[in-house]
Amino acid sequence: MRMTVLASGSKGNSTVIASAGTRVLVDAGLSCRELMKRMAMANEDPSALDAILITHEHTDHVAGLSVLARRLRIPVYFTEPTHRAWVRQMTPRTAMTYAKWLDHVQKEKEARAALAELESDAARALTDIEAASAEVEAEDEDAPEAAIKRDPASLPAVEYFQPGTNFSIGDLVITPFTTPHDAADPCGFVFESVSESIRMAIATDLGYVPPNVKRALERIDVLLLESNHDLEMLKDGPYPWAVKQRVLSRVGHLSNHATGEFLARDYDGSAMYIVLGHLSETNNVPELALLSAEEAIRERGRLLGNRVMLAQQNAPIAPICL
Ligand SMILES: [Zn+2]
Ligand SMILES: [Zn+2]
């Protein structure tokens, strides 16, 4: 099993999780072009991705989503409230009542059905490459494809999941868990490869570590965990008061201190790798985050086997393979 963090930080997040037979991208918080570039840098083949999973609708997690999903023609997994918040965000001038939302879902279904019909007739003859380039280049105004593209919130396919209820994509079993964060329905994920019995987890964008997250993060082999800000840097830093309050709140982000506390008190020590992520460029320094986590681990002798690493904002880190 493999985790490749393509980007992590307040300016954009995206991670590839791969098992023997399945590959998914968690969040698409950089432009499609940049995500493709990062995947090339990390030796991750975008055409091998089976799906995109979204933790929540904040821009640093969805910036390249629609373009990437359409380019790769893969389904996007959301919770329904997150999908709705994202669609709203993509079409800001429309006041979306619930009736309008249902209408949107229905129209999207019809457009997809029309597209599927069209594809089953014509595209069957095309090779994958021809189909992909046709998608990028040809735009017949009357084709269902063009209709879908005119709607910035249209996606090749949408699947819903519910936090707390696991689901499978290929040989990956995914358990989404609710996180305390100021978004419509934010969540983290635990990934388990059935064939390899290895578990990896992503837990960023959370104001504190509630009991359900502590439980979700038990028996994890590779853990991507938020270490967003240094408390003093945030307090003395340039953010307006209201933004500081938001970050510090119970639905904001984990500080280095809070992450250290979790590691020292609640974490079960089972991970071979702990990757610290979602660092703020303004209110944190990688060395401080690392120092804080390592100190917490040092306090507990039996955690010394845990290797702590830093994810990066500006480049992918080397894939972690187990
Ligand atoms: Zn967020
Ligand atoms: Zn974020």
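Preceding block: the structure.
The structure displayed is predicted, hence computed values, not measured ones.

Caption draft 1: The coordination of the zinc ion (ligand 1), seen in detail. Here the zinc ion (ligand 1) is held by His 56 (NE2), His 58 (ND1), His 181 (NE2) and Asp 205 (OD), and the distances to it run 2.1 to 2.5 Å. In primary sequence terms, the donor set of the zinc ion (ligand 1) follows H-x1-H-x122-H-x23-D. Separating the zinc ion (ligand 1) from the zinc ion (ligand 2) is a gap of 3.4 Å, which Asp 205 spans by donating to each of them. Note that His 181 is positioned in the loop between strand 8 (172-178) and strand 9 (187-193) and Asp 205 in the loop between strand 10 (198-203) and helix 8 (211-216), a separation of 24 residues in sequence. Residues His 181 and Asp 205 agree in their burial class; the two are buried.

Caption draft 2: Main features of the coordination of the zinc ion (ligand 2). All of the protein donors around the zinc ion (ligand 2) are Asp 60 (OD), His 61 (NE2), Asp 205 (OD) and His 278 (NE2); their distances to the metal are 2.1 to 2.2 Å. Classification of the site at the zinc ion (ligand 2) rests on its four donor atoms, whose angles at the metal span 90 to 165 degrees, yielding the label irregular. Summarised as a motif, the one-chain spacing of the donors to the zinc ion (ligand 2) is D-H-x143-D-x72-H.

Caption draft 3: Expanded view of the packing of aromatic side chains. The tally for this structure, following the rule as stated, stands at six aromatic pairs. Note on Phe 161 and Phe 167: the rings are 5.3 Å apart at their centroids and 10 degrees apart in plane angle, and the pair reads as stacked. Comparing Phe 161 with Phe 167 shows no difference in burial state: the two are buried. With centroids separated by 5.8 Å and ring planes inclined at 45 degrees, the aromatic side chains of Phe 189 and Phe 191 adopt a geometry described as tilted. Residue classification places Phe 191 among the buried positions, given a relative accessible area of 0%. Among the aromatic residues, those joined into a ring-pair cluster are Tyr 77, Phe 161, Phe 167, Phe 189 and Phe 191. In this structure, Arg 250 is placed above the aromatic ring of Tyr 208, and the distance from its NZ or CZ to the ring centre is 3.6 Å.

Caption draft 4: Inspection of the sheet that holds strand 10 at higher detail. Taken in spatial order, the seven strands line up as 7-8-9-10-11-12-13 in an open sheet, and their pairing is mixed. Each end of this open sheet is capped by a strand with a single partner; those strands are strand 7 (167-169) and strand 13 (307-310). Neighbour to neighbour, the strand axes of the sheet diverge by 25 degrees on average, direction disregarded. Relative to strand 11 (residues 222-226), strand 10 runs parallel, the two being bridged by four bridges.

Caption draft 5: Broad picture of the sheet that holds strand 6 (residues 158-160). If you walk across this open sheet you meet the seven strands as 6-5-4-3-2-1-14, and the pairing is mixed. Sheet topology places strand 6 and strand 14 (320-321) at the edges, where each strand pairs with a single neighbour. In the sheet, strand 2 (residues 14-18) pairs with strand 3 (residues 23-26) via four bridges, with the strands oriented antiparallel. Looking across to strand 3, one finds that Thr 15 is bridged to Val 26. Its contacts with the sheet place helix 4 (residues 80-90) against strand 5 (76-78) and strand 6, and it is angled at close to 110 degrees to strand 5.

Caption draft 6: Molecular detail of unusual backbone geometry. Despite not being glycine, Asn 43 has its phi angle at roughly 60 degrees, a positive value. Here Asn 43 lies in the loop between helix 1 (32-41) and strand 4 (51-53). Asn 43 sits in the exposed class, given a relative accessible area of 72%. Even without being glycine, Arg 73 reaches a positive phi, approximately 55 degrees. Position of Arg 73 relative to the elements: it lies in the loop between helix 3 (65-72) and strand 5. By relative accessible area, which is 32% here, Arg 73 ends up partly exposed.

Caption draft 7: Representation of helix 1. For helix 1, every residue scored as buried is listed here: Cys 32, Leu 35, Arg 38 and Met 39. Looking straight down helix 1, one finds that the buried residues subtend no more than 125 degrees of arc, so they occupy a single side. Projecting away from the buried face of helix 1 at angles above 90 degrees are the exposed residues Arg 33, Ala 40 and Met 41. Where helix 1 is buried, its residues meet strand 1 (2-7), strand 2 and helix 3. Positive backbone phi, approximately 60 degrees, marks Asn 43, located one or two places after helix 1.

Parameters at a glance
Each chain carries its own residue numbering, running from 1 in the direction its sequence is written. Numbering of ligands from 1 and lettering of chains from A proceed in the order in which they are written. pLDDT decides what is reported in this predicted model: residues at 70 or higher carry local features, side-chain atom pairs at 80 or more are listed and counted, and totals for whole chains, interfaces and linings draw on all residues regardless. In computing side-chain properties, one takes all heavy atoms of the structure into account and sets aside hydrogens as well as water. Only nitrogen, oxygen and sulfur atoms within 2.8 Å of the metal, or 3.2 Å for Na, K and Ca, are treated as donors, and water is left out, so sites may look incomplete. Strands here are runs of E lasting at least two residues and helices are runs of H or I lasting at least four, both read from the DSSP assignment and numbered beginning at the N terminus. Burial classification: accessible surface area is computed with a 1.4 Å probe over protein chains only, and a residue below 20% of its type maximum counts as buried, one above 50% as exposed, and the rest as partly exposed. Working rule for geometry: tetrahedral if four donors all subtend angles between 85 and 135 degrees; square planar for four, octahedral for six, if opposite donors exceed 155 degrees and the others stay between 65 and 115; irregular in every other situation. Pairing of aromatic side chains requires ring centres within 6.5 Å, counting the rings of Phe and Tyr and the six-membered ring of Trp. Pairs whose planes differ by under 30 degrees are stacked, by over 60 edge-to-face, and all others tilted. In this analysis the charged atom, NZ for Lys or CZ for Arg, is taken to sit over a ring once it is within 6 Å of the ring centre and within 35 degrees of the ring normal. Strand pairing requires that DSSP identify at least two bridges connecting the strands. Structural elements are reduced to axes, namely lines fitted to C-alpha atoms, with helices fitted over the stretch in contact, and the angle between N-to-C directions of any two is expressed from 0 to 180 degrees. Contacts were defined at the residue level, with two residues in contact if any of their heavy atoms lie within 4.5 Å. The arc refers to the directions leading from the helix axis to the C-beta atoms.

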